[in-house]
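# Per-entry structural report
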Amino acid sequence: MTLPPLRRIKELPGVSSPFGRSRSPRRPSGTASRRPNADLPQARGRTCRGEVAGRRGGARRDPAGWRVAYVRRGSCPRLGRGPGIRGNHMGTHDRSQPALHWLFGDQLGPHFLRPNSDIVMIESRGVFRRRRFHRAKAHLMLSAMRHRAAELGDRVRYVQADTYRDGLAQAVGDAKVTVHHPTSHAALGFVRDLRQVEVLPPRGFLVQPEAFSRWAESVRGGRLRMEDFYRRVRREHDLLMDGDRPAGGRWNMDAENREPPPKDAAALPVPPPYRPREDAIDEQVRADLDRWERSGDVAFVGRDGPRRFPAGRAEARRALRAFVTRRLPTFGRWEDAMLAGDWTMSHSMLSASLNLGLLEPAECVEAAEAAYRAGDAPLNSVEGYVRQVAGWREYMWNLYWYLGPGYRDSNALGHRAPVPDWFADLDADAVQARCLSTTLAQVRDRGWVHHIPRLMVLGNHALQRGWDPAAVTDWFHRCFVDAYDWVMLTNVIGMSQYADGGRVTTKPYASGGAYINTMSDLCGPCAYRPAERTGERACPYTAGYWEFVHRHRERLAHNHRTARAVKQLERLGDLDDVLRNARRRDPDAAP
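Every chain is numbered independently, its residues counted from 1 as its sequence is written. pLDDT decides what is reported in this predicted model: residues at 70 or higher carry local features, side-chain atom pairs at 80 or more are listed and counted, and totals for whole chains, interfaces and linings draw on all residues regardless. Hydrogens are left out, water is left out, and the side-chain values use all remaining heavy atoms of the structure.

Turning to the packing of helix H10 (residues 361-373) against helix H11 (residues 379-403), a few remarks are in order. Between H10 and H11, the shortest axis-to-axis distance is 9 Å and the interhelical angle comes to 165 degrees. With respect to H11, the element H10 is oriented roughly antiparallel. Judged by the twist between their axes, the crossing of H10 over H11 is left-handed. Across the interface between the two elements, Pro361, Cys364, Val365, Ala368, Glu369 and Tyr372 of H10 pack against Leu379, Val382, Tyr385, Val386, Val389, Ala390, Arg393 and Glu394 of H11. Classifying every residue of the contact of H10 with H11 by side-chain character gives 11 nonpolar, no polar and three charged. Working convention: axes come from line fits to C-alpha atoms, limited for helices to the stretch in contact. Angles between N-to-C directions cover 0 to 180 degrees. Numbering of helices and strands runs from the N terminus; a helix is a DSSP stretch of H or I covering at least four residues, while a strand is a stretch of E covering at least two. The labels follow the angle: roughly parallel below 35 degrees, roughly antiparallel above 145, roughly perpendicular from 65 to 115, and oblique for the rest. With the far helix as reference, a near helix turned anticlockwise by less than a right angle produces a left-handed crossing, and one turned clockwise produces a right-handed crossing. Working rule for contacts: check all heavy atoms of both residues, and any pair within 4.5 Å makes them a contact. Charged means Asp, Glu, Lys or Arg here, nonpolar means Ala, Val, Leu, Ile, Met, Phe, Trp, Tyr, Cys or Pro, and polar covers whatever is left, Gly included.

Another aspect to go through is the pattern of salt bridges. Between Lys or Arg on one side and Asp or Glu on the other, a salt bridge is scored when a side-chain nitrogen of the former is within 4 Å of a carboxyl oxygen of the latter. Going through the model one piece at a time under the given rule, you end up with 37 salt bridges. One salt bridge connects Arg146 with Asp288, and the closest N-O pair in it is separated by 2.8 Å. Of this pair, Arg146 sits in helix H2 (residues 135-152) while Asp288 sits in helix H7 (residues 280-294), and the two are 142 residues apart along the sequence. Residue Arg146 shares its accessibility class with Asp288, and that shared class is buried. A salt bridge links Asp288 to Arg291; its shortest N-O distance comes to 2.7 Å. Taken as a pair, Asp288 and Arg291 lie in helix H7 at a separation of three residues, close to a single helical turn. Take Asp288: its relative accessible area is 6%, and that puts it in the buried class. Look at Arg291 and you get partly exposed, because its relative accessible area is 42%. The structure contains a network of salt bridges with shared partners spanning Arg135, Glu278, Arg286, Asp290, Glu293 and Asp304. Exposure is judged per residue with a 1.4 Å probe applied to protein chains only, and the accessible area is read against the type maximum: over 50% gives exposed, under 20% gives buried, and values in between give partly exposed.

Our next topic: the side chain of Arg454. On the secondary structure map, Arg454 appears in helix H14 (residues 451-465). Under the relative-accessibility criterion, Arg454 is labelled buried at 14%. What qualifies as a polar contact is a pair of N or O atoms within 3.5 Å, subject to a donor-acceptor requirement within protein and to the restriction that residues adjacent in sequence count only when both atoms come from side chains. Of note is the side chain of Arg454, whose polar atom sits 2.7 Å from the backbone oxygen of Val449. Those residues in contact with Arg454 that sit more than four places away from it in its chain are Trp448, Val449, Gly459, Phe476, Phe480, Asp482 and Met488.

Two strands are counted as paired when DSSP detects at least two bridges linking them. The sheet built from five strands is open, its strands ordered E3-E2-E1-E4-E5 with parallel pairing. Strands at the two margins of the open sheet, each flanked by one partner only, are strand E3 (156-161) and strand E5 (197-200). Strand-to-strand twist in this sheet, taken as the mean axis angle between neighbours without regard to direction, amounts to 30 degrees. The strands touched by helix H3 (residues 164-172) are strand E1 (100-103), strand E2 (118-124), E3, strand E4 (177-180) and E5; relative to E3, the strand with the most contacts, the crossing angle is about 140 degrees. Packing against the sheet, helix H4 (residues 185-192) makes contact with E1, E4 and E5, and its axis sits at approximately 135 degrees to E5.

Structural data, given as structure tokens:
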């Protein structure tokens, strides 16, 4: 099974948003369908003769007001605002409208362009002065922006400035510009305060915040669940559906996607992920970063090795093809597993490309479904990947806007401890606990680990030690190449640190060393033993888990998912020793 051939992207007037998911007629329930390779999503933004084609029987409405417009598979939508939940198709270009369109550094795909508009891009040095980003993250951000500018050629006004405000003044003066809805509260507030800027609807997502808000307000009791949202997205986009039923008869295949890694394997038996090649632009980016650091103008954390993530649309498409054809079949089985010598496992490595705007979620999930329909990938792998992209990613994006700017101040557990220097500096060599040392080294060297080390190694440790959730969120934002404010706020405040008291998840994601031992090969050579709570070989995760349960026992006792842990706590014969050791521990020392 192969993706369609890559084509040179041509951003021409008259091509509206490529979000509309092509939709085949509904299949009778219980019947299978095999889609040919030609049905796979083509490179978006090209010249084509597609026409808007509504779903047979018309657009579909529901009580929450979601309505979807679709296009024929293999075609591109003409001009005209689609009535869909994406709600961001552009109308026919009016030449009285601003002829300048601003692209932020995470709006780099063809779907962020505006017909007949020249492009403004601003590279702000001040962004790197304000925060100590991972060096590899800074490299990827600048490389992707400069590669995009090179593709746009004479059409772009690319300005290097101290601030966005200065850069905009240099690029356009007082002229009016348009920009698509930025991806952070701060950036949105900034552009809305600029009288010369017209803010257009968001792009790069399947569901728009207004549609999500209508759905959320319609939920009885106000208890939002990602699973309910995910199933809604599947239905509305006819994604992995057989008629009105989910493919295979089940919505959720998590039970098949929790296997530990193969015993005695140093790496999974899968091909490696796509690896981009650096070019002259990367060489110049690295030289600039070196110069800025030497001058003391900016400071970074982590290492900037060879670039591992796509910096352009063509590279991102190749990475998508490589994942779907070579790695997707084994993705689900070992989705939650960890190996010390295999930092990528079977993961897609596409999160950075999606969050830079180089790929659209629609083309990623459509390619995955096409592999299933062609018999090239098992359903559990495809459902697991679709759940990540069309479920969790969309849910986090929309919760970010629905919960509002004040959500970042959530601290239901009252955690105030500062993030220690060894963690902030990615000093893996200071750590004896092998799982934490290995994961921290992977972040230091590459700026990326998959979701389980993030949640169950890094986030789990921060939660157990009671670190300030806002500081932990900032750390994740700065140290991961795929991290943005909208990505990390709800993921860390809500899921990882449970600082919202259960608005995103139903329980804290705290666990002892037993989970890590089951799902990885990290514990065997470690200096600590996952089953021991006290003594010189006590696992910091196991002891830390019981410290956490004791510290929050009242809250956890009233949660049906954690009440059992509180009862177990009461039966621990060595609890006093565990708590005494915790009081004696240097809070700034690495485990």
